[in-house]
Amino acid sequence: MPAAAFGLLPFAVYVVLFLAVPTLIAVGTGFLDTDGGFTLDTVATLGDPVVLTAFGSSIWLSALTAVIGAVVGALVCYALLGAAPDGPLRSTVDSLSSVIAQFGGAMLAFAFTATIGIQGMVTLVLQERLGIDIFADGVWLYELPGLVLPYIYFQVPLMVITFMPALASLKSTWAEANATLGGTTSSYWLRIAVPVLAPSFLGSLLLLFANAFSSYATAATLISQGAQIVPLQIRSALTSETMLGRENLAGTLALGMILVMAVVMTGYSRLQARAARWQR
Amino acid sequence: MSGGLRSVGGVAHAPGRPARTLILGLVGGIFAVPILAMVEFTLRRGLAGGYDVHRWTELLQGGLTGECRPVLVALGNSVGLAVGTVLIVLVLLVPTMLLVHIRFPRLRRVLEIVCILPISIPAIVLVVGLAPVFSVVARVFGSGVWSLALAYGITVLPFAYRAIQSNLDGVDVRTLTEAARTLGAGWGSVLLRVLVPNLRRGILAGAFIAVAVVLGEFTIASLLNRVNLQTALVVVGKNDPYTAVILSLIALFVAFLLLLVIGRLGAPRGTSRRRRPISRAASPTPSPTATPTGARP
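All values derive from a computational prediction rather than experimental measurement.

Student: Is there a simple way to think about the overall build of chain B in this case?
Tutor: Counting its regular elements, chain B contains 13 helices and zero strands. The helix and strand sequence of chain B, counted from the amino end, reads α-α-α-α-α-α-α-α-α-α-α-α-α.

Student: Sorry if this is basic, but what is going on with the interface of chain A and chain B here?
Tutor: Size of an interface, as often reported, equals the accessible area lost when the parts are brought together. On the chain B side, the residues contacting the 88 residues of chain A number 93 residues. Summing both partners gives a buried area of about 7600 Å² for chain A against chain B, and 77% of it is carried by carbon and sulfur. Across the contact surface, chain A and chain B share zero salt bridges. Where chain A meets chain B, there are five residue pairs in polar contact (both at pLDDT 80 or more). A total of twelve residues in the side of chain A that touches chain B trace back to one element, the largest contributor, which is helix 1 (residues 9-28) of chain A. For the side of chain A that touches chain B, the residue count by class is 62 nonpolar, 23 polar and three charged.

Student: Explain helix 12 (residues 229-239) of chain B to me, please; I cannot follow it from the model alone.
Tutor: Quick reminder: α-helices carry 3.6 residues per turn. Residues three or four places apart thus point the same way. Residues and elements named next belong to chain B. For helix 12, the buried fraction is high: eight of the eleven residues fall into the buried class. Three or more residues of helix 12 are buried, namely Leu-229, Gln-230, Thr-231, Ala-232, Leu-233, Val-234, Val-236 and Gly-237. Residue Asn-228 occupies the N-cap position of helix 12, its side-chain oxygen lying 3.1 Å from the main-chain nitrogen of Gln-230.

Student: Quick question: what am I supposed to make of the pattern of salt bridges here?
Tutor: Two side chains with opposite charge may pair up if their charged atoms get near one another. Residues and elements named next belong to chain B. As enumerated under the stated definition, the model contains three salt bridges over all chains in all. Here Arg-108 ties to Asp-169 by a salt bridge, and the two come within 3.3 Å at their closest N and O atoms. Placement of Arg-108 in helix 4 (residues 108-116) and of Asp-169 in helix 7 (residues 157-169) is noted, with a sequence separation of 61 residues between them. A relative accessible area of 32% places Arg-108 in the partly exposed class. With a shortest N-O distance of 3.2 Å, Glu-112 and Arg-109 are connected by a salt bridge. Taken together, the residues span about one helical turn, with Glu-112 and Arg-109 both in helix 4 at a distance of three residues. A relative accessible area of 32% means that Glu-112 is categorised as partly exposed.

Student: Explain the side chain of Thr221(A) to me, please; I cannot follow it from the model alone.
Tutor: Here Thr221(A) is to be found in helix 10 (residues 217-222). In terms of polar contacts, Thr221(A) uses its side chain to reach the backbone carbonyl oxygen of Ala217(A), at 2.7 Å. Those residues in contact with Thr221(A) that lie beyond four places of it in its chain are Ala106(A), Ala109(A), Phe110(A), Phe218(B) and Val234(B).

Reading guide: rules and limits
Residues numbered from 1 in each chain as written. Chains lettered and ligands numbered in written order. Predicted model: local features only at pLDDT ≥ 70, side-chain atom pairs only at ≥ 80, totals over all residues. Heavy atoms only, no water. Helix = DSSP H or I, 4+ residues; strand = E, 2+ residues; numbered from the N terminus. Contact = heavy atoms within 4.5 Å. Buried area = accessible area lost by both parts, 1.4 Å probe. Salt bridge = Lys/Arg side-chain N within 4 Å of Asp/Glu carboxyl O. Polar contact = N/O pair within 3.5 Å; in protein donor to acceptor, adjacent residues only side chain to side chain. Nonpolar A, V, L, I, M, F, W, Y, C, P; charged D, E, K, R; others polar. Buried < 20%, exposed > 50% of the residue type's maximum accessible area, 1.4 Å probe, protein only.

Quick look at the structure:
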């Protein structure tokens, strides 16, 4: 063991203390009862209808916004293909996407309250000009359906960020080869581009799913009461220990989230490895 | 969609100008609506209707007083946290990456997995385990807001790692180190006078992305009851939505400019090239803003 190995120690200690330990605590408390003994009772809470409904809602919301975000985002990437990579259009779109995807959070809740809140700009315009009351069946903005539009709003930019490198790596020689061999535009897209891009697209789709599934800030700001999705249920469990009359519920929910994330991210890294073949 | 492939800007499969304008115009137009709605909201005069800019002028002239004050304090906290997080990246991550690269190449894969792992762990999950850890930290070091930087160092790890690694891949660290050592340089000057200047772009990009992530962080601060920019904006938003929306617009604009700077740093050109004599020049660094990581707003 060379002395230089000690140089690795500070980082190793830091990662153990602030990544490994918290993760193990988060997941491990799901297996502990009130006295600190081992139990599977709390894990059985994952089968509770309230918890299952929250997981169902989270997965539904994440899947819906991931699919819409992926399709719209891919279209934007396609439209950006002709723009110079270092040109003003691309760098503006890149920066805007990063701001919305990484910085939006709580502010998106403000934005959508100002847009489709009860006094929102779009709400009022629709009401006064067209006589359409979007809240005729009750105010849905502060419920689960209200999360769909804000989530799409940060999913599309994330798709642009993650899918653009894949689309940009399509080689123009492939299109030329296709044309030389008498292929048409549609044969180029169907036989060459789509098969090459499919792993990247599906990978990005999974990443978008994971992104929505683990997102907290927008939902927490928009929905101040209730626990419609899993992250909000963790909030309730952390702030009041009595939810469902069980201790350590936050740990159990964390365990459930980690399981879903593990499946999704494993799929993501498999697809990324496949996609990398064509990106050299 | 019939006929041959058009060639736009040298890319044979790119859409024509009408299709491009249509898609970008449509999506851009729809995405502009919430931002415009925020602006419209802040310009409302009140119950009487009509528009003026009095909320903006009052806020900007009032300066450090009133509703703005807690947000400015919180902005100070966030900037401090950003500095602390960048220090963690510089002091802990960068030397470790270099050490692994030079002396323990077999650990590279392990380091990569550790650094990318936080993507798969939602902040909301991490916070469940961080709460007990931070109660220990609070007992030992006090419960100052700065301690959050220890958690943020973890959340920025994937972003910082990718930015720095993509630079590292393009620099022949081994040769540079051996040359410097042969010429009699100590490890300190190898690190500070040879390697860091060569990795300047990656380190800068990693630091900028860390700053952007920290300034946008809400989940951990909110659930550990610490005040940062985002949590303060939400608190203000409950009492005075107009001020909160104005401040959000300013924050979004500043963040946009910040990321525009990052994008330029990531672009493989500019002054940094001439100072990188022994780099495999033709390895375009992917824009560090384009790290495909979970954003978790």
